[in-house]
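Examination of the molecular architecture
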Amino acid sequence: MNAGKCRNAAMLALLISGAVSAQSHTVFLVRHAEKATEPVSDPPLSAAGMQRADTLAHLLANAKPVAIYTSQYQRTQLTAKPLVDAVGIAITVVPIDKATATEYPQQLREQICAQAPDSNAVIIGHSNTIPAIATAWTGHSVRPIADDEYNRILMLKLKECIVVESLDLRY
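Residues numbered from 1 in each chain as written. Predicted model: local features only at pLDDT ≥ 70, side-chain atom pairs only at ≥ 80, totals over all residues. Heavy atoms only, no water.

Attention shifts here to the pattern of salt bridges. The full count for this structure, using the stated rule, is eight salt bridges. For the salt bridge of Lys81 with Asp85, the shortest nitrogen-to-oxygen distance reads 2.8 Å. Taken together, the residues Lys81 and Asp85, both in helix H3 (residues 74-87) and four residues apart, mark about one turn of the helix. Close ionic contact of Arg152 with Glu149 constitutes a salt bridge, the shortest N to O distance being 3.8 Å. Accessibility expressed as a relative area gives 3% for Arg152, which makes it buried. Residue classification places Glu149 among the buried positions, given a relative accessible area of 12%. Shared partners join several salt bridges into a network, and the residues in it are Arg143, Glu149, Arg152, Asp168 and Arg170. (Salt bridge = Lys/Arg side-chain N within 4 Å of Asp/Glu carboxyl O. Helix = DSSP H or I, 4+ residues; strand = E, 2+ residues; numbered from the N terminus. Buried < 20%, exposed > 50% of the residue type's maximum accessible area, 1.4 Å probe, protein only.)

This is the structure we're talking about:
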């Protein structure tokens, strides 16, 4: 890990340690890790993706998420698996397709807001769903995720289910 990534990871770890009780809910939005090229329709993670998933688990385990949401695709679920194993909870699969894409951000928000106060959640999605969720929740445009960009974490702090702070971080 280069010096810039180490600084970002250290900053993220500090933010996570303060996120547990700082707001009613803290949500971490993450794109799935690097995927293999085959099969095209539902690829697993590449070797680099598996390493990134392990790194993500080390970073987010201290946040003690009470829920981890993924899509139905194996790349999101495989990205979540090391974190699921670290915190001992199950993945909640929320399927998405073209017909449900518009309602998807609100569906996730309702599930997260139904959780106990001072709880954290992780949503592992895709390059198109993560910015859409953040934009829907914040009301502000979020920079798109490039096809080769796998290191962003969008951290949203909610109070009474309203975003009061958002951070765009790298790991």
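Let us now look at the pairing of strand S4 (residues 119-125). Counting buried residues in S4 gives seven out of seven residues, a clear majority hidden from the surface. Along S4, one buried face is formed by Ser119, Ala121, Ile123 and Gly125 and the opposite face, lined by Asn120, Val122 and Ile124, is buried too. Alignment of strand S1 (residues 25-31) against S4, held across seven bridges, turns out to be parallel. Paired with Leu29 across the strands is Ile123, a residue of S4. Here strand S2 (residues 67-70) runs beside S4; their pairing, made up of four bridges, is parallel. Considered in S4, the bridge of Ile68 is made with Val122. (Pairing = 2+ DSSP bridges.)

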